[in-house]
Amino acid sequence: MSRLLSSVLSLRRDPRILKLPPYLSLLCIIIGTVWLFLLPLDDYSRRTYISENALLPGQVHTYFGGSERNIFRAFRHEVDALVDKDDYRRNDELERLLKGVGLKVGRQNYTYASAGDEYAGENIYGILQAPRGDATEAIVLVAAWKSIDGRHNSNGVSLALTLARYFKRWSLWSKDIILVIPPDSTTGTQAWVDAYHDAHNAEHVTALPIKSGALQGALAIDYPMTGRYESVHIVYDGTNGQLPNLDLINSIVNIARNQMGIQTFLQNMPKHSQNYQDRLQVMLRGMLNQGIGAAAGPHSSFIPYHVDAITLQPYGQGWHEEMALGRLVEGSFRSLNNLLEHLHQSFFFYLLMDRDRFVSIGTYLPSAMLLAANFSIMAIFLWVKSGQTTAPSKAPAASEKPAEGQLKDVKATDPSSSTGERDLIMPLGVVATCFALSALPLSMFNHIPSSMLSVAFTVFSIASASIPFAISHVLSTFYKPTAQHFQLTKSFSLLFLGMALSTLATLNFSLAFIVGLLASPLTFVQPTKNLVLRFTLAGLLNVVAPTTVIFSAAQYAGMGVAEVLKQAAFGWNIWGMYTPIVLWCVWWPAWLVGMVNVLGVTAA
């Protein structure tokens, strides 16, 4: 045992060990990326199932239809007459309709400001008190006046009013039902949910005059189209990549398919062939939406408060009518009404490949963790390497020749493996400066008017490319940095990046994976004396710069950079989206340090 321990201790001083970390980091990147692309296979994903038995989806008979169709048409006539009216005049008429149904009605004003623009409106909502409940729990039905894409949600609002009247006639409800009609699908719902949980800013959002109990779930109807539809799109992405409990999605899929004969689909993929390519596409689309972190619909505002919610969007031209969607909502509300406690049995962290197939966090998390581990491995490697001295030691005299038993001790103290003093002041100063500069884009892009965003982004992109040259010039002129300084600078930056991404992976896997993959070249850059190679590496590193990625993504999406930044500022100021922090305060300063290392000139 002692001999084995001695061999291990001697192995740690073997200079060949220090050649492994770069290859190990590269291996982590390759395995993490390949791991992700294996997930759509049958061996790695599994079929969905319902964990909460109390839901009993599809086990009740739904009665919505028949004469309710005439009620729906009457409500749609009333709703269409309100299209050209402002929020307050429209809500006066909606309040009359809701009170006529028998609901307690409340109204709420709000005013948000973002990127120099003002978003003001008035929410109206009604509460149907459960005949068999004690007002301690409630289910929410949302029908925004404007749909997700900005169209008039006439059928959605009309159907919600019809359902509220229909639900009022039944005595089986043990939970209150709240009907919320915000003026749009972005700001109104956020203001209402914040105020319901007393988390609103009283200067911009008024308190709710009436409330019910704890919210157990929410469904939003996004139905601007007219005529019959083919299938239903289930929108489930929440703010900051948060997701509803998988049981809610599974229940609605089950009710729609088995009871209504309605096909459902996810991530704007109505045609799904159950093959690898389609599964991969649905997964990557979901990861992109999750990584961006923006609200996907009115349901997204509920999820941060642990209220499971989704949005239903009819799609295409088919033979299903409005009453079928109403029965789908009725069946879903009946299932939620059965719950004795909040949904908790199923998964909150998952990647969906299709409506019937998913991957849980235990299967997909190692993919992002391996990318984050790559940075930590290189950070530790550079720390160890920075402490090594390269100065040759004086050879022992003949009279001081060691005995045969001491030969191993002499090899163990070989000068190539000895440690020296580390100069931490300059590396820490460079890293701290780069990370302190990140406050500039974070503040600028989230607060300046939208009319100036395009110019500000252009100026910042030029400055971002110039700052590494300026820092490198200052260092080479006044400080004469050594190879050790650049090793420590890179070590500190990669250590922070690795810790940040590994933590983020448990909260928003997709964002951590995307940033980790785009930042992976930072692992391998280092100063070089070859001028051509130096500027080639700098050019390649600029290809994966945050500013370049934002510009490229905007062009790919067919949007202007100003519009992308405006939406990001909207998410930051109204939804509490933290993607800008990851972008400007984690990724960008790490890229800045990487560029400084590429352009660095070591002292002779």
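Since the structure is predicted, the reported quantities are computational estimates derived from the model, not experimental observations.

**Q** In this structure, what is going on with a nonpolar patch on the surface? I would like to understand it.
**A** Taken together, the side chains of Leu26, Ile30, Val34 and Phe524 make up a nonpolar region of the molecular surface, amounting to roughly 320 Å² of accessible area. A relative accessible area of 43% places valine 34 in the partly exposed class.

**Q** Could you clarify how one ought to interpret the packing of helix α10 (residues 361–386) against helix α16 (residues 509–519) in this entry?
**A** Any two packed helices are characterised by the angle at which their axes cross and by the distance between the axes. In contact at an axis separation of 9 Å, α10 and α16 are set at 40 degrees when each is read in the N-to-C sense. By the angle between their directions, the pair α10 and α16 is classed as oblique. The two elements α10 and α16 cross, and the hand of that crossing is left-handed. Counting all contacts with α10, which are made through Tyr364, Leu365, Ser367, Ala368, Leu371 and Phe375, the residues of α16 involved are Phe509, Phe513, Gly516, Leu517 and Ala519. Of the residues contributing to the contact of α10 with α16, the split by class is 9 nonpolar, 2 polar and no charged.

**Q** When you look at the packing of aromatic side chains in this model, what are you seeing that I'm missing?
**A** The description of an aromatic ring pair rests on the distance of the ring centres and on the angle between the ring planes. Within this structure, the stated rule accounts for 26 aromatic pairs. Considering the side-chain rings of phenylalanine 435 and phenylalanine 496, the 4.8 Å spacing of their centres and the 80 degrees angle between planes classify their relative orientation as edge-to-face. With a gap of 61 residues between them, phenylalanine 435 in helix α12 (residues 425–437) and phenylalanine 496 in helix α15 (residues 483–505) connect regions that are remote in the sequence. Pairing phenylalanine 570 with tryptophan 575 gives two aromatic rings, centres 5.0 Å apart and planes at 80 degrees, and the pair type is edge-to-face. For the pair formed by phenylalanine 570 and tryptophan 575, the shared burial category is buried. The positively charged end of lysine 211 is found above the aromatic ring belonging to tyrosine 196, 6.0 Å away from the centroid. For arginine 422, the ring lying beneath its charged end belongs to tryptophan 383, and the centroid distance is 4.0 Å.

**Q** What is the right way to read the pairing of strand β10 (residues 350–354) from this model?
**A** Two faces make up the sheet, and in a regular strand the side chains alternate between them. Of all 5 residues in β10, 5 are buried, a share of seventy percent or more. Here β10 runs beside strand β11 (residues 357–360); their pairing, made up of 4 bridges, is antiparallel. Each bridged residue has a counterpart across the sheet, and for leucine 351 the counterpart in β11 is valine 359. Between β10 and β11, which follow one another and run antiparallel, lie 2 residues.

**Q** When you look at unusual backbone geometry in this model, what are you seeing that I'm missing?
**A** Backbone phi values are negative for most residues with the exception of glycine, while trans is the configuration of most peptide bonds. Positive phi values are uncommon outside glycine, yet leucine 56 reaches one of about 45 degrees. Summarising the element assignment, leucine 56 is placed in the loop between β1 (46–47) and α3 (68–80). Take leucine 56: its relative accessible area is 46%, and that puts it in the partly exposed class. Located in the positive-phi region is asparagine 268, a residue other than glycine, with phi close to 55 degrees.

**Q** I would appreciate a short explanation of the UniProt feature "transmembrane region" (unreviewed entry) in the protein chain in the present structure.
**A** In the UniProt entry, the feature "transmembrane region" (unreviewed entry) is given for residues 20–41, 361–384, 424–445, 452–475, 495–519, 531–557 and 577–599. Its end C-alpha atoms 34 Å apart, residues 452–475 is made of 96% helix and 0% strand. Taken end to end, residues 577–599 is 91% helix and 0% strand, and its two terminal C-alpha atoms sit 34 Å from one another.

**Q** Looking at this structure, how should I read the sheet that holds β1?
**A** Pairing between sheet strands relies on hydrogen bonds along the backbone, with the strands arranged either parallel or antiparallel. The 3 strands lie next to each other as β1-β11-β10, forming an open sheet whose pairing is antiparallel. Looking at which strands have only one partner, the edges of the open sheet turn out to be β1 and β10. Pairing analysis gives 2 bridges linking β1 to β11, with the strands arranged antiparallel. Looking across to β11, one finds that arginine 46 is bridged to phenylalanine 358. Those strands touched by α10 are β10 and β11, and its axis lies near 60 degrees from that of β11.

The rules behind these values
- Residues numbered from 1 in each chain as written.
- Predicted model: local features only at pLDDT ≥ 70, side-chain atom pairs only at ≥ 80, totals over all residues.
- Heavy atoms only, no water.
- Patch = residues over 30% accessible without salt bridge, like charges linked within 9 Å, V, L, I, M, F, W, Y side chains within 5 Å.
- Areas by Shrake-Rupley, 256 points an atom, 1.4 Å probe, with all protein chains shown as cover.
- Salt bridge = Lys/Arg side-chain N within 4 Å of Asp/Glu carboxyl O.
- Buried < 20%, exposed > 50% of the residue type's maximum accessible area, 1.4 Å probe, protein only.
- Axes fitted to C-alpha atoms, helices over the stretch in contact; angles between N-to-C directions.
- Helix = DSSP H or I, 4+ residues; strand = E, 2+ residues; numbered from the N terminus.
- Parallel < 35°, antiparallel > 145°, perpendicular 65-115°, else oblique.
- Left-handed = near helix turned anticlockwise from the far one by under 90°.
- Contact = heavy atoms within 4.5 Å.
- Nonpolar A, V, L, I, M, F, W, Y, C, P; charged D, E, K, R; others polar.
- Phe/Tyr/Trp six-rings, centres within 6.5 Å; stacked < 30°, edge-to-face > 60°.
- Lys NZ or Arg CZ within 6 Å of the ring centre and 35° of its normal.
- Pairing = 2+ DSSP bridges.
- UniProt positions renumbered as here; feature names shortened; annotations may be inferred.

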